[in-house]
Amino acid sequence: MHVGFLGLGAIGAPMAAHLARRGRLTVWNRTTSRASQFAARTGATAVAAPLEAAEADVVVTCLGTSSDVASLLDGPDGLLAGLRAGALLIDCTSGDPAASRRIAARLAQRRVAFADAPVSGGTNGAEAGTLTVMVGAEPAVFERARPVLEAFGRRIEHVGPIGAGDALKAVNNAFLALNILAVGEGLVALAKAGVAPRTALDVINASSGRSFVSEVLVPERVLTRTWPRAFRLALLDKDVAIAVGLLAETGVAGPVFELTRSVLGQARVALGEAADYLDPIRLTEQQAGVELRG
Ligand code: NDP
(Lines give C-alpha, C1' and ligand atoms only; values in the text may rest on other atoms or scores of the structure.)
Protein backbone atom coordinates (compact mmCIF):
# COMPACT_ATOMS: atom_id res chain seq x y z
CA MET A 1 0.00 0.00 0.00
CA HIS A 2 1.25 3.48 -0.87
CA VAL A 3 0.85 5.94 2.05
CA GLY A 4 1.16 9.72 1.91
CA PHE A 5 2.05 11.53 5.16
CA LEU A 6 1.71 15.28 5.73
CA GLY A 7 3.13 16.95 8.85
CA LEU A 8 6.55 15.86 10.08
CA GLY A 9 6.47 17.69 13.41
CA ALA A 10 7.54 16.47 16.85
CA ILE A 11 5.14 13.53 16.79
CA GLY A 12 4.40 13.21 13.08
CA ALA A 13 8.01 12.45 12.13
CA PRO A 14 8.45 9.38 14.37
CA MET A 15 4.99 8.12 13.37
CA ALA A 16 5.86 8.45 9.68
CA ALA A 17 9.22 6.73 10.25
CA HIS A 18 7.35 3.52 11.18
CA LEU A 19 5.36 3.74 7.94
CA ALA A 20 8.58 4.22 5.95
CA ARG A 21 9.92 0.97 7.40
CA ARG A 22 6.77 -0.89 6.32
CA GLY A 23 6.38 0.14 2.70
CA ARG A 24 6.12 2.90 0.13
CA LEU A 25 5.81 6.34 1.76
CA THR A 26 5.54 9.82 0.26
CA VAL A 27 5.94 12.75 2.66
CA TRP A 28 5.17 16.46 2.55
CA ASN A 29 5.93 19.12 5.16
CA ARG A 30 5.32 22.88 5.04
CA THR A 31 8.95 23.55 5.95
CA THR A 32 10.46 21.60 3.08
CA SER A 33 13.86 21.02 4.70
CA ARG A 34 12.18 18.81 7.30
CA ALA A 35 10.71 16.61 4.57
CA SER A 36 13.97 16.30 2.62
CA GLN A 37 15.94 15.45 5.79
CA PHE A 38 13.30 12.88 6.76
CA ALA A 39 13.45 11.36 3.27
CA ALA A 40 17.24 11.12 3.37
CA ARG A 41 17.03 9.37 6.75
CA THR A 42 14.23 6.91 6.00
CA GLY A 43 14.11 6.28 2.26
CA ALA A 44 10.70 7.93 1.88
CA THR A 45 10.02 10.22 -1.09
CA ALA A 46 9.67 13.94 -0.27
CA VAL A 47 7.34 15.99 -2.47
CA ALA A 48 6.81 19.72 -2.88
CA ALA A 49 3.01 19.95 -2.65
CA PRO A 50 0.14 18.26 -0.75
CA LEU A 51 -1.34 17.33 -4.13
CA GLU A 52 1.55 14.94 -4.81
CA ALA A 53 1.27 13.20 -1.43
CA ALA A 54 -2.49 12.88 -2.03
CA GLU A 55 -1.92 10.51 -4.92
CA ALA A 56 -1.35 7.66 -2.42
CA ASP A 57 -3.98 5.04 -1.48
CA VAL A 58 -4.14 6.32 2.10
CA VAL A 59 -3.17 9.83 3.21
CA VAL A 60 -2.28 10.59 6.84
CA THR A 61 -2.20 14.14 8.21
CA CYS A 62 -0.64 15.13 11.54
CA LEU A 63 -0.68 18.93 11.81
CA GLY A 64 -1.11 21.34 14.70
CA THR A 65 -4.83 21.98 14.36
CA SER A 66 -7.88 21.09 12.26
CA SER A 67 -7.65 24.55 10.68
CA ASP A 68 -4.18 23.66 9.44
CA VAL A 69 -5.61 20.49 7.88
CA ALA A 70 -8.52 22.39 6.27
CA SER A 71 -6.04 24.91 4.84
CA LEU A 72 -4.37 22.13 2.83
CA LEU A 73 -7.55 21.03 1.06
CA ASP A 74 -7.99 23.76 -1.54
CA GLY A 75 -6.02 25.28 -4.40
CA PRO A 76 -4.32 23.78 -7.44
CA ASP A 77 -1.68 22.12 -5.20
CA GLY A 78 -4.15 21.12 -2.48
CA LEU A 79 -5.23 17.71 -1.22
CA LEU A 80 -8.63 17.79 -2.93
CA ALA A 81 -6.94 18.18 -6.29
CA GLY A 82 -4.90 15.02 -5.72
CA LEU A 83 -7.12 12.62 -3.78
CA ARG A 84 -8.66 9.89 -5.91
CA ALA A 85 -12.21 8.57 -5.48
CA GLY A 86 -12.01 5.61 -3.13
CA ALA A 87 -9.01 6.98 -1.23
CA LEU A 88 -8.90 7.41 2.57
CA LEU A 89 -7.68 10.38 4.60
CA ILE A 90 -6.73 9.61 8.21
CA ASP A 91 -6.25 12.75 10.30
CA CYS A 92 -4.01 12.10 13.32
CA THR A 93 -4.09 15.76 14.35
CA SER A 94 -5.66 16.29 17.79
CA GLY A 95 -8.48 18.07 16.05
CA ASP A 96 -11.81 19.73 16.61
CA PRO A 97 -14.82 17.40 16.17
CA ALA A 98 -16.98 19.90 14.26
CA ALA A 99 -14.09 20.84 11.97
CA SER A 100 -13.40 17.16 11.28
CA ARG A 101 -17.04 16.62 10.35
CA ARG A 102 -16.82 19.56 7.92
CA ILE A 103 -13.61 18.19 6.37
CA ALA A 104 -15.22 14.73 6.09
CA ALA A 105 -18.26 16.21 4.33
CA ARG A 106 -16.07 17.96 1.76
CA LEU A 107 -14.11 14.76 1.13
CA ALA A 108 -17.31 12.72 0.83
CA GLN A 109 -18.30 14.87 -2.17
CA ARG A 110 -15.22 13.39 -3.89
CA ARG A 111 -15.97 9.88 -2.57
CA VAL A 112 -12.96 10.05 -0.27
CA ALA A 113 -13.38 8.46 3.18
CA PHE A 114 -12.24 10.15 6.40
CA ALA A 115 -11.27 9.06 9.91
CA ASP A 116 -10.20 11.30 12.78
CA ALA A 117 -7.50 9.35 14.59
CA PRO A 118 -5.70 11.44 17.21
CA VAL A 119 -2.97 9.74 19.18
CA SER A 120 -1.75 9.67 22.77
CA GLY A 121 1.54 8.50 24.22
CA GLY A 122 3.85 11.39 23.36
CA THR A 123 6.95 11.47 21.22
CA ASN A 124 8.44 8.55 23.19
CA GLY A 125 5.37 6.45 22.39
CA ALA A 126 5.57 7.49 18.74
CA GLU A 127 9.21 6.40 18.54
CA ALA A 128 8.43 3.09 20.24
CA GLY A 129 5.33 2.50 18.09
CA THR A 130 3.16 2.17 21.18
CA LEU A 131 0.69 5.02 20.73
CA THR A 132 -2.95 4.81 21.71
CA VAL A 133 -5.10 5.81 18.73
CA MET A 134 -8.71 6.92 19.19
CA VAL A 135 -10.65 6.71 15.96
CA GLY A 136 -13.87 8.38 14.88
CA ALA A 137 -15.16 6.85 11.65
CA GLU A 138 -17.74 4.66 9.95
CA PRO A 139 -17.03 1.04 11.01
CA ALA A 140 -15.91 0.00 7.51
CA VAL A 141 -13.58 3.00 7.27
CA PHE A 142 -12.09 2.12 10.66
CA GLU A 143 -11.25 -1.35 9.35
CA ARG A 144 -9.49 0.19 6.36
CA ALA A 145 -7.54 2.58 8.59
CA ARG A 146 -6.48 -0.01 11.15
CA PRO A 147 -3.52 -1.59 9.24
CA VAL A 148 -2.01 1.86 8.70
CA LEU A 149 -2.49 2.88 12.32
CA GLU A 150 -0.92 -0.39 13.49
CA ALA A 151 2.42 0.88 12.18
CA PHE A 152 2.70 3.28 15.14
CA GLY A 153 -0.16 2.35 17.46
CA ARG A 154 -0.46 -0.39 20.06
CA ARG A 155 -4.02 0.24 21.22
CA ILE A 156 -6.25 1.25 18.32
CA GLU A 157 -9.81 1.89 19.39
CA HIS A 158 -12.88 2.71 17.32
CA VAL A 159 -14.66 5.10 19.68
CA GLY A 160 -17.60 6.36 17.58
CA PRO A 161 -18.59 8.32 14.48
CA ILE A 162 -16.48 11.02 12.79
CA GLY A 163 -15.41 13.56 15.44
CA ALA A 164 -15.58 11.08 18.33
CA GLY A 165 -11.81 10.50 18.32
CA ASP A 166 -11.18 14.23 18.51
CA ALA A 167 -13.71 14.65 21.33
CA LEU A 168 -12.16 11.86 23.40
CA LYS A 169 -8.64 13.15 22.83
CA ALA A 170 -9.65 16.67 23.93
CA VAL A 171 -11.17 15.38 27.18
CA ASN A 172 -8.10 13.21 27.80
CA ASN A 173 -5.86 16.24 27.39
CA ALA A 174 -8.06 18.38 29.62
CA PHE A 175 -7.42 15.76 32.32
CA LEU A 176 -3.71 15.93 31.54
CA ALA A 177 -3.66 19.72 31.73
CA LEU A 178 -5.50 19.96 35.02
CA ASN A 179 -3.20 17.32 36.50
CA ILE A 180 -0.11 19.26 35.42
CA LEU A 181 -1.41 22.46 37.00
CA ALA A 182 -2.60 20.75 40.18
CA VAL A 183 0.52 18.64 40.73
CA GLY A 184 2.71 21.71 40.24
CA GLU A 185 0.74 23.75 42.75
CA GLY A 186 0.55 20.95 45.30
CA LEU A 187 4.23 19.96 45.15
CA VAL A 188 5.42 23.56 45.40
CA ALA A 189 3.22 24.09 48.47
CA LEU A 190 4.49 20.85 50.01
CA ALA A 191 8.11 21.87 49.37
CA LYS A 192 7.47 25.14 51.19
CA ALA A 193 5.85 23.16 54.01
CA GLY A 194 9.00 21.04 54.36
CA VAL A 195 8.08 17.88 52.38
CA ALA A 196 10.73 16.98 49.78
CA PRO A 197 9.19 16.62 46.27
CA ARG A 198 10.55 13.09 45.76
CA THR A 199 9.15 11.96 49.10
CA ALA A 200 5.83 13.61 48.35
CA LEU A 201 5.58 11.86 44.98
CA ASP A 202 6.64 8.49 46.37
CA VAL A 203 3.77 8.68 48.85
CA ILE A 204 1.22 10.17 46.43
CA ASN A 205 2.08 7.51 43.84
CA ALA A 206 1.19 4.85 46.42
CA SER A 207 -2.01 6.72 47.22
CA SER A 208 -5.23 7.84 45.57
CA GLY A 209 -4.04 11.18 44.14
CA ARG A 210 -1.62 9.65 41.65
CA SER A 211 -1.74 10.27 37.91
CA PHE A 212 0.48 9.92 34.82
CA VAL A 213 1.76 13.39 35.67
CA SER A 214 2.77 12.41 39.21
CA GLU A 215 4.02 8.94 38.27
CA VAL A 216 6.00 9.72 35.11
CA LEU A 217 6.16 13.29 33.86
CA VAL A 218 7.16 15.20 36.99
CA PRO A 219 9.64 12.61 38.36
CA GLU A 220 11.36 12.12 34.99
CA ARG A 221 11.30 15.66 33.58
CA VAL A 222 10.84 18.19 36.39
CA LEU A 223 12.61 16.75 39.43
CA THR A 224 15.59 15.88 37.21
CA ARG A 225 15.45 19.44 35.74
CA THR A 226 15.73 17.99 32.22
CA TRP A 227 12.55 19.65 30.85
CA PRO A 228 12.69 18.10 27.34
CA ARG A 229 10.79 19.96 24.60
CA ALA A 230 8.24 17.26 23.73
CA PHE A 231 4.79 18.79 23.33
CA ARG A 232 4.04 22.43 22.89
CA LEU A 233 1.96 24.15 25.55
CA ALA A 234 0.12 25.97 22.75
CA LEU A 235 -1.14 22.60 21.45
CA LEU A 236 -2.30 21.48 24.90
CA ASP A 237 -4.09 24.82 25.29
CA LYS A 238 -5.80 24.17 21.93
CA ASP A 239 -6.93 20.75 23.20
CA VAL A 240 -8.42 22.18 26.39
CA ALA A 241 -10.26 24.81 24.35
CA ILE A 242 -11.76 21.99 22.27
CA ALA A 243 -12.82 20.19 25.46
CA VAL A 244 -14.44 23.36 26.82
CA GLY A 245 -16.28 23.69 23.51
CA LEU A 246 -17.46 20.08 23.75
CA LEU A 247 -18.95 20.69 27.19
CA ALA A 248 -20.70 23.82 25.92
CA GLU A 249 -22.03 21.98 22.86
CA THR A 250 -23.37 19.11 24.98
CA GLY A 251 -24.88 21.45 27.59
CA VAL A 252 -22.67 20.18 30.41
CA ALA A 253 -21.58 22.71 33.05
CA GLY A 254 -17.77 22.82 33.01
CA PRO A 255 -16.31 25.13 35.67
CA VAL A 256 -13.24 22.91 36.20
CA PHE A 257 -12.42 22.67 32.49
CA GLU A 258 -13.02 26.42 32.11
CA LEU A 259 -10.67 27.29 34.97
CA THR A 260 -8.05 24.92 33.55
CA ARG A 261 -8.38 26.66 30.20
CA SER A 262 -8.05 30.07 31.81
CA VAL A 263 -4.92 29.21 33.85
CA LEU A 264 -3.32 27.41 30.92
CA GLY A 265 -4.14 30.29 28.58
CA GLN A 266 -2.45 32.75 30.96
CA ALA A 267 0.61 30.49 31.11
CA ARG A 268 0.70 30.34 27.29
CA VAL A 269 0.70 34.14 27.11
CA ALA A 270 3.45 34.37 29.77
CA LEU A 271 5.64 31.59 28.34
CA GLY A 272 5.15 31.99 24.59
CA GLU A 273 4.29 29.71 21.66
CA ALA A 274 7.46 27.60 21.88
CA ALA A 275 6.97 26.67 25.57
CA ASP A 276 6.64 23.01 26.56
CA TYR A 277 3.49 21.71 28.25
CA LEU A 278 5.27 21.21 31.58
CA ASP A 279 6.60 24.79 31.66
CA PRO A 280 3.56 26.12 33.61
CA ILE A 281 5.08 24.28 36.60
CA ARG A 282 8.09 26.59 36.26
CA LEU A 283 5.78 29.58 36.61
CA THR A 284 4.38 28.17 39.83
CA GLU A 285 7.93 27.57 41.06
CA GLN A 286 9.01 31.10 40.17
CA GLN A 287 6.01 32.70 41.84
CA ALA A 288 6.75 30.74 45.04
CA GLY A 289 10.56 31.04 44.87
CA VAL A 290 10.95 27.23 45.02
CA GLU A 291 12.54 24.70 42.63
CA LEU A 292 11.23 21.14 42.58
CA ARG A 293 14.31 18.90 42.64
CA GLY A 294 14.96 15.38 43.78
P1 NDP B 1 4.58 20.43 15.98
O2 NDP B 1 4.28 21.84 16.32
O3 NDP B 1 5.88 19.84 16.36
O4 NDP B 1 4.43 20.20 14.39
C5 NDP B 1 3.31 20.68 13.71
C6 NDP B 1 3.34 20.19 12.28
O7 NDP B 1 2.23 20.76 11.57
C8 NDP B 1 4.60 20.59 11.52
O9 NDP B 1 4.87 19.63 10.54
C10 NDP B 1 4.16 21.91 10.89
O11 NDP B 1 4.91 22.26 9.75
C12 NDP B 1 2.75 21.56 10.49
N13 NDP B 1 1.88 22.72 10.31
C14 NDP B 1 1.45 23.57 11.25
N15 NDP B 1 0.63 24.49 10.71
C16 NDP B 1 0.56 24.21 9.39
C17 NDP B 1 -0.14 24.78 8.30
N18 NDP B 1 -0.93 25.85 8.46
N19 NDP B 1 0.02 24.22 7.09
C20 NDP B 1 0.79 23.14 6.92
N21 NDP B 1 1.48 22.55 7.90
C22 NDP B 1 1.35 23.07 9.14
O23 NDP B 1 3.37 19.58 16.57
P24 NDP B 1 3.35 18.06 17.04
O25 NDP B 1 3.97 17.22 16.01
O26 NDP B 1 3.80 17.98 18.44
O27 NDP B 1 1.77 17.80 17.07
C28 NDP B 1 1.01 17.49 15.91
C29 NDP B 1 -0.40 17.11 16.38
O30 NDP B 1 -0.31 15.97 17.24
C31 NDP B 1 -1.07 18.22 17.21
O32 NDP B 1 -2.45 18.25 16.93
C33 NDP B 1 -0.80 17.79 18.64
O34 NDP B 1 -1.77 18.31 19.52
C35 NDP B 1 -0.85 16.28 18.52
N36 NDP B 1 -0.11 15.53 19.52
C37 NDP B 1 1.21 15.84 19.84
C38 NDP B 1 1.87 15.10 20.83
C39 NDP B 1 3.29 15.38 21.22
O40 NDP B 1 3.78 14.76 22.20
N41 NDP B 1 4.04 16.24 20.55
C42 NDP B 1 1.20 14.01 21.55
C43 NDP B 1 -0.13 13.70 21.06
C44 NDP B 1 -0.75 14.46 20.11
P45 NDP B 1 6.31 23.07 9.91
O46 NDP B 1 7.37 22.02 10.09
O47 NDP B 1 6.42 23.82 8.65
O48 NDP B 1 6.16 23.98 11.11
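Cut-off values and rules
- Residues numbered from 1 in each chain as written.
- Predicted model: local features only at pLDDT ≥ 70, side-chain atom pairs only at ≥ 80, totals over all residues.
- Heavy atoms only, no water.
- Domains from an automatic or database assignment.
- Contact = heavy atoms within 4.5 Å.
- Buried area = accessible area lost by both parts, 1.4 Å probe.
- Salt bridge = Lys/Arg side-chain N within 4 Å of Asp/Glu carboxyl O.
- Helix = DSSP H or I, 4+ residues; strand = E, 2+ residues; numbered from the N terminus.
- Nonpolar A, V, L, I, M, F, W, Y, C, P; charged D, E, K, R; others polar.
- Buried < 20%, exposed > 50% of the residue type's maximum accessible area, 1.4 Å probe, protein only.
- Near = heavy atom within 4 Å.
- Polar contact = N/O pair within 3.5 Å; in protein donor to acceptor, adjacent residues only side chain to side chain.
- Areas by Shrake-Rupley, 256 points an atom, 1.4 Å probe, with all protein chains shown as cover.

(A) Spatial organisation of the domain arrangement of the protein chain. Domain boundaries in the protein chain define domain 1 (3–161) and domain 2 (167–288). For domain 1 versus domain 2, the separation of C-alpha centres amounts to 28 Å. Contact with domain 1, which involves 15 residues of that partner, is made by eleven residues of domain 2. Surface buried jointly by domain 1 and domain 2 totals about 950 Å² across both partners, of which 60% is contributed by carbon and sulfur atoms. Of all residues in domain 1, Ser94, Pro97 and Met134 bury the most surface against domain 2, accounting for 38% of the area lost on that side. When the shortest N-O distance is used, the salt bridge between Glu249 and Arg101 registers 3.7 Å. Only helix 6 (97–108), strand 7 (119–120) and helix 7 (122–128) provide two or more residues apiece to the side of domain 1 that touches domain 2. Its residues placed into classes, the side of domain 1 that touches domain 2 shows six nonpolar, seven polar and two charged.

(B) Broad picture of the pattern of salt bridges. One pass over the structure, following the stated rule, counts 15 salt bridges. Asp279 serves as the salt-bridge partner of Arg229, at 3.0 Å between the closest nitrogen and oxygen. Here the residue Arg229 occupies a position in the loop between helix 11 (212–222) and helix 12 (233–249), and Asp279 occupies one in helix 14 (residues 279–288), the gap between them amounting to 50 residues. Residue Asp279 is classed as buried on the basis of its relative accessible area of 5%. Put simply, Asp237 and Arg268 hold a salt bridge, and the shortest N to O gap is 2.8 Å. On the criterion of sequence distance, the pair formed by Asp237 in helix 12 and Arg268 in helix 13 (residues 255–271) is long-range, its members being 31 residues apart.

(C) Expanded view of the site of the ligand. The ligand sits among 28 residues. The nearest are Asn29, Thr31, Arg34, Gly64 and Lys238. At 3.4 Å from an oxygen atom of the ligand is found a main-chain nitrogen or oxygen belonging to Gly9. Lys238 is positioned such that a nitrogen or oxygen atom in its side chain is 2.9 Å from an oxygen atom of the ligand. Coverage of the ligand by the protein chains reaches 89% of its 900 Å² of free accessible surface. Of all elements in the fold, only helix 4 (66–71), helix 7 and helix 12 reach the threshold of two or more residues within the shell around the ligand. Along the lines of polarity and charge, the residues of the shell around the ligand split into eleven nonpolar, eleven polar and six charged. For the shell around the ligand, the domains that each give at least three residues are domain 1 (3–161) and domain 2 (167–288).

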